[in-house]
Amino acid sequence: MFEQTTDKNWSLLDKQVLETEYDIVRIRQLIRSHAKGIQMGIVDQTRITTAVSELLRNMYNYANGGEVQIETGPVEGKMALIITCSDHGPGIENLEMAMSDGYTTGMGLGYGLPGAKRLVDKFEIETQKDKGTTVRLIKWR
Amino acid sequence: MNTDLQEKRIPIIKIRDFLIVSIQVDMHDRLAIKLQSQILEEIAKTGAKGVLIDISVLEMVDSFIGRMLSGMATMASIMDAAVVIVGMQPAVAITLVELGLDMPGVDTALNMEKGMEMLEKRMRDQQVEDF
Ligand SMILES: Nc1ncnc2c1ncn2[C@@H]1O[C@H](COP(=O)(O)OP(=O)(O)OP(=O)(O)O)[C@@H](O)[C@H]1O
Ligand SMILES: [Mg+2]
């Protein structure tokens, strides 16, 4: 998965399981502290934390939870924080629609995915019906 | 920032015609919903004309919390009360805009004092209209 950007020089900082609503808060706070830990600026810390919060809620709402991997390392020669959120949910039926502002199948406003994409430097998503969804967010330091 | 995730109640204080709420925790979704209904109940009970919500310690506002705040402002205005969000951190404001969330009906102020002035001015203007 994500062969273009996966790099064996990345180091794993953390791995977390999302099951409950409380995990959304707990994990987004962890993201913040890792972003701080690699000396990311305050606005970028807020951007990546908020983007991850959106993905966590999607996993909680649509996929019954999932897993989050936090890594750091070079991406295109620059130091980055790499967050990978994966679930074994139903997959996203219409990915193109889901990535556009205002599309929701739930009660949201449909800004989660496109908004998260705007908040990071690189956004990759893979989804397969009945298999699940994996989203990778990359934010340069 | 308080990281205690157990159930907690966010205090709502009434001063004269206004309610003052200071959010001191990173809220999980159910707590945000609970706070929204508590504030609306308090408006109904006290007839408050304005609500000041201090979010200066909040390090992030995502679409859920943003929606809770704007939804509350809309409902409060139906009850003839104005909502002012106080002390939003610059990084939070930038992120909200980039996320694509505009919060219709939500007024913001730099600090409590400015927020209070906004509400008082609004009340004066309304009294003139009523007269
Ligand atoms: N992990 C996921 N698994 C399955 N479907 C998903 C997942 N994430 C998103 N979706 C689908 O994509 C749609 C768009 O997601 P997006 O986060 O942009 O909006 P939303 O969650 O509906 O609303 P908001 O995020 O504004 O509250 C969702 O309504 C849902 O149908
Ligand atoms: Mg969403």
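Residues numbered from 1 in each chain as written. Chains lettered and ligands numbered in written order. Predicted model: local features only at pLDDT ≥ 70, side-chain atom pairs only at ≥ 80, totals over all residues. Heavy atoms only, no water.

Engineer: Summarise helix H1 (residues 21–37) of chain A; cite the residues concerned and give the values.
Structural biologist: All names here are of chain A. Taking 1.5 Å per residue as the helical rise, H1 with its 17 residues ought to reach 24 Å, and the 25 Å between its terminal C-alpha atoms agrees with that figure. Where H1 begins, the capping side chain belongs to Thr20, and its oxygen is found 3.2 Å from the backbone nitrogen of Tyr22. Once H1 finishes, Gln39 follows within two positions and takes phi at roughly 60 degrees, a positive value. (Helix = DSSP H or I, 4+ residues; strand = E, 2+ residues; numbered from the N terminus. Expected span 1.5 Å × (residues − 1). Polar contact = N/O pair within 3.5 Å; in protein donor to acceptor, adjacent residues only side chain to side chain.)

Engineer: A description of the site of ligand 1 should follow, citing residues and the corresponding values.
Structural biologist: In the neighbourhood of ligand 1, 20 residues make up the surrounding shell, with Asn58, Tyr62, Thr104 and Thr105 of chain A together with Arg67 of chain B lying closest. Those chains with residues close to ligand 1 are chains A and B. Between ligand 1 and the protein, one listed contact pairs an oxygen atom with a side-chain N or O atom of Thr105 of chain A at 2.4 Å. Computed on the free molecule, ligand 1 has an accessible area of 600 Å², of which 94% lies beneath the protein chains in the complex. (Near = heavy atom within 4 Å. Areas by Shrake-Rupley, 256 points an atom, 1.4 Å probe, with all protein chains shown as cover.)

Engineer: Before we move on, can you summarise the sheet that holds strand S1 (residues 12–15) of chain B with the specific residues and values?
Structural biologist: Pairing between the strands of a sheet is mediated by backbone hydrogen bonds and can be parallel or antiparallel. Residue and element names in this part refer to chain B. Spatially, five strands are ordered S1-S2-S3-S4-S5 in an open sheet, and the strand pairing comes out mixed. Whereas interior strands pair on both sides, the edge strands pair on one side only; in this sheet they are S1 and strand S5 (107–109). The average angle at which neighbouring strand axes cross in this sheet is 25 degrees, direction not considered. Here five bridges tie strand S3 (residues 50–54) to strand S4 (residues 82–86), and the two strands are oriented parallel to one another. The residue of S4 that forms the bridge with Leu52 is Val84. This element, helix H4 (residues 112–130), spans strand S2 (18–22), S3, S4 and S5 of the sheet and lies at about 165 degrees to S3. (Pairing = 2+ DSSP bridges. Axes fitted to C-alpha atoms, helices over the stretch in contact; angles between N-to-C directions. Contact = heavy atoms within 4.5 Å.)

Engineer: Report on the sheet that holds strand S4 (residues 122–128) of chain A, specifying residues and quantitative values.
Structural biologist: Residue and element names in this part refer to chain A. Read from one edge to the other, the open sheet built from five strands follows the order S1-S2-S3-S5-S4, with strand pairing classed as antiparallel. This sheet does not close on itself; its edge strands, each paired only once, are strand S1 (11–18) and S4. Going from strand to strand, the sheet's axes swing by 15 degrees on average, the running direction of each strand aside. Here eight bridges tie strand S3 (residues 78–87) to strand S5 (residues 132–140), and the two strands are oriented antiparallel to one another. Counted as the bridge partner of Ile83 is Leu137 from S5. Sheet contacts for H1: S1, strand S2 (66–75) and S3; angle to S1, the most-contacted strand, approximately 170 degrees. Contacting S1, S2, S3 and S5, helix H2 (residues 42–63) runs over the sheet at an angle of about 175 degrees to S5.

Engineer: With reference to specific residues and values, describe the packing of aromatic side chains.
Structural biologist: A complete count under the given rule lists zero aromatic pairs over all chains for this structure. Here the basic side chain of Lys78 of chain A rests over the ring of Trp140 of chain A, its NZ or CZ set 3.7 Å away from the ring centre. (Phe/Tyr/Trp six-rings, centres within 6.5 Å; stacked < 30°, edge-to-face > 60°. Lys NZ or Arg CZ within 6 Å of the ring centre and 35° of its normal.)

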